[in-house]
Amino acid sequence: MQQKIILVTGGAGYIGSHTCVALAQAGYRPLLFDNFSNSDPSVIERLTQLIGPSLLVLRGDIRDLATLKEIFQTYPCYAVIHLAGVKAVGESVAKPLDYYDINVTGSLVLLKAMKQAGVSRLVFSSSAAVYGEKTIPPFQEQALLDPINPYGRSKLMIEKIINDLYHANTLQSVLSLRYFNPIGAHPSGFIGETPTGTPNNLLPYLMQVAAGIRKKLFIFGNDYPTADGTAVRDYIHVMDLAQGHVLALQKTEQREGCWTFNLGRGRGSSVLEVIDAFEQASGQNIPYEVIQRRPGDVAASWADPTAAQQQLGWSATYNLEMMCAHSWHWQCHLDSLKVQRK
Ligand code: WQD
């Protein structure tokens, strides 16, 4: 049977590459589309080793309507998994225009191309950042949506846009997946997170401290109203997250509809707890220094994943220790894989 082609925007990125592997394993044919602004082209060779020659790769920007129209004219895409975007909370506070241009304008251009091509199934990479700080975790999908940074606001805008397109019958199946904090790496060590420049997120920075690339971790505040004063997040293995996309796609094969799901483990871990788990996993000591809070951060965020469990049949399978172990396994392979970091 002909494999269904799935356009994965941002497919060379951290979530995208792992999602392409999960899609291939589930019998779909991923069409990876990326501008490689936050990913190293060497990932393609390593992805091909995991997926095989069926992987389709196209380089481009989601704001380029002509390129997107050409893609849809060339490939009969069954659905789009839209991951391309920028996603650092602190950076979004400093560069809001970039975040709205890339995330929102980029999504609008993609949606126009989809409409013109009659592609009407969409799985969208949303974020727990849409909940903000007025809601007490665990967050349910119906909780108050009040993002406190441009990154979260851009994601909420796109959720509302695609929901409107569903109600206007432009899209027949829409699933917004609200990621909590994706970490970890594919167990093979072939793919993982390779941020360019100084990592914004906790785990890649932590990995580089453990590898001796950076001297110490800076903890952004220990005066939050949490058990140990450091901020709490719901860390979810990237392969668990990738599997959530496969199940979301399978949902579109069962029926039309418009859904929003939290993809999180349903439990929070503080920065200090993550450091401890990473030290256990890597056997490395992690020096750190507490500095001031980072603008745009919330104290605590973790999911109520009940809806995804009941309606997608999805649940997280890896614990924090395994996530840290896979992250460290990837970090140890990075140098041997000669993955350039700009
Ligand atoms: C986690 C915690 C920091 C770095 C991220 C992505 C966003 C979204 C959710 C998908 C916070 C602290 C961090 C450091 C630190 N993912 N920290 N020192 O901000 O929760 O959001 O996941 O949609 O894309 O931005 O994750 O890893 O940046 O921070 O103390 O050097 O670690 O303050 O409490 P965040 P993060």
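## Let's talk about the overall build of the chain
Each helix and strand in the chain was counted, giving eleven helices and 13 strands. Viewed in the frame of its principal axes, the chain has a C-alpha envelope of about 55 × 45 × 35 Å. The long-range fraction of contacts in the chain, counting pairs at least 24 apart against all pairs at least 6 apart in sequence, stands at 80%. Per element, the accessible surface of the chain, about 14200 Å² overall, is 50% carbon and sulfur. In the chain, 29 side chains carry a positive charge and 29 a negative one; their mean positions are 4 Å apart.

## Remarks on the pattern of salt bridges
The full count for this structure, using the stated rule, is ten salt bridges. One salt bridge in this structure joins Glu 193 and Lys 87, with 3.6 Å as the shortest N-O distance. Residue Glu 193 is located in the loop between strand 7 (181–183) and helix 7 (202–210), and its partner Lys 87 is located in the loop between strand 4 (77–82) and helix 4 (89–94); the two are separated by 106 residues in the primary sequence. When its relative accessible area of 10% is taken as the criterion, Glu 193 is described as buried. Looking at Lys 87, the relative accessible area reads 38%, which means it is partly exposed.

## What to know about the site of the ligand
As a matter of local geometry, the ligand sits amid 22 residues, with Lys 87, Tyr 151, Arg 233, Arg 294 and Asp 297 nearest to it. Contact between the ligand and Asp 297: an oxygen atom at 2.6 Å from a side-chain N or O atom of the residue. Burial of the ligand by the protein chains amounts to 94% of its free accessible area of 680 Å². Counting only elements with at least two residues in the shell around the ligand, the list comes to strand 7 and strand 8 (217–220). No other element matches the four residues that strand 8 contributes to the shell around the ligand. Counted by class, the shell around the ligand contains 14 nonpolar, four polar and four charged residues.

## What to know about the packing of helix 1 (residues 14–25) against helix 8 (residues 238–254)
Closest axis-to-axis distance for the helix 1/helix 8 pair is 8 Å, and the angle between their directions is 55 degrees. Here helix 1 is positioned oblique relative to helix 8, judged by the angle of their axes. Read as a crossing pair, helix 1 and helix 8 show a hand that is right-handed. Contacts from Tyr 14, Ile 15, His 18, Thr 19, Ala 22 and Leu 23 in helix 1 reach Val 238, Met 239, Leu 241, Ala 242, Gln 243, His 245, Val 246 and Leu 249 in helix 8. A per-class count over the contact of helix 1 with helix 8 returns ten nonpolar, four polar and no charged.

## Quick notes on unusual backbone geometry
In the segment running from Pro 137 into Pro 138, the intervening peptide bond is cis, with an omega of 5 degrees. Even without being glycine, Phe 36 reaches a positive phi, approximately 60 degrees. With respect to the helices, strands and loops of the structure, Phe 36 is situated in the loop between strand 2 (29–34) and helix 2 (42–51). By relative accessible area, Phe 36 is classed as buried at 7%. Unusually for a residue other than glycine, Asn 169 sits at a positive phi of about 65 degrees. By relative accessible area, which is 69% here, Asn 169 ends up exposed.

## Some remarks on the sheet that holds strand 11 (residues 257–263)
Here seven strands make up an open sheet; going across it, the order is 3-2-1-4-5-6-11 and the pairing parallel. The open sheet terminates on both sides in strands that have one partner only, identified here as strand 3 (56–59) and strand 11. Geometrically, the sheet is characterised by an average inter-axis angle of 15 degrees between neighbouring strands, direction not taken into account. The sheet contacts of helix 6 (residues 150–167) involve strand 5 (121–127), strand 6 (173–179) and strand 11, and relative to strand 5 the element is tilted by about 155 degrees.

## Section: the nonpolar core
Of all hydrophobic cores here, the largest spans 66 residues; its most connected members are Ile 6, Leu 249 and Phe 278. Every residue in contact with Leu 249, bar those within four places of it in the chain, is listed here: Ile 6, Leu 23, Tyr 28, Tyr 78, Ala 79, Ile 81 and Val 123. Ranked by size, the runner-up nonpolar core spans 25 residues in total, among them Phe 33, Phe 72, Cys 77 and Val 174.

## Some remarks on the side chain of Ser 154
Tracing the sequence through the fold places Ser 154 in helix 6. In this structure Ser 154 comes out as buried when scored by relative accessible area, which is 0%. Each residue touching Ser 154, except ones within four places of it in the same chain, is listed here: Tyr 99, Tyr 100, Asn 103 and Val 104.

## Here's the deal with the pairing of strand 2
Taking burial as the measure, the six residues of strand 2 include five buried ones, the bulk of the element. Sheet topology places strand 1 (residues 5–9) next to strand 2; five bridges connect them, and they run parallel. In the sheet register, Ile 5 faces strand 2, and the bridge partner there is Arg 29. In the classification by handedness, the crossover that spans strand 1, the intervening helix 1 and the parallel strand 2 is right-handed. This β-α-β element, strand 2 to helix 2 to strand 3, shows right-handed connectivity.

Criteria and thresholds
Residues numbered from 1 in each chain as written. Predicted model: local features only at pLDDT ≥ 70, side-chain atom pairs only at ≥ 80, totals over all residues. Heavy atoms only, no water. Helix = DSSP H or I, 4+ residues; strand = E, 2+ residues; numbered from the N terminus. Contact = heavy atoms within 4.5 Å. Areas by Shrake-Rupley, 256 points an atom, 1.4 Å probe, with all protein chains shown as cover. Lys, Arg positive; Asp, Glu negative; His and termini not counted. Charge placed at Lys NZ, Arg CZ, Asp CG, Glu CD. Salt bridge = Lys/Arg side-chain N within 4 Å of Asp/Glu carboxyl O. Buried < 20%, exposed > 50% of the residue type's maximum accessible area, 1.4 Å probe, protein only. Near = heavy atom within 4 Å. Polar contact = N/O pair within 3.5 Å; in protein donor to acceptor, adjacent residues only side chain to side chain. Nonpolar A, V, L, I, M, F, W, Y, C, P; charged D, E, K, R; others polar. Axes fitted to C-alpha atoms, helices over the stretch in contact; angles between N-to-C directions. Parallel < 35°, antiparallel > 145°, perpendicular 65-115°, else oblique. Left-handed = near helix turned anticlockwise from the far one by under 90°. Pairing = 2+ DSSP bridges. Core = buried A, V, L, I, M, F, W, Y, C linked by side-chain atoms within 4.5 Å. Right-handed = clockwise from strand over helix to strand, strands pointing away.

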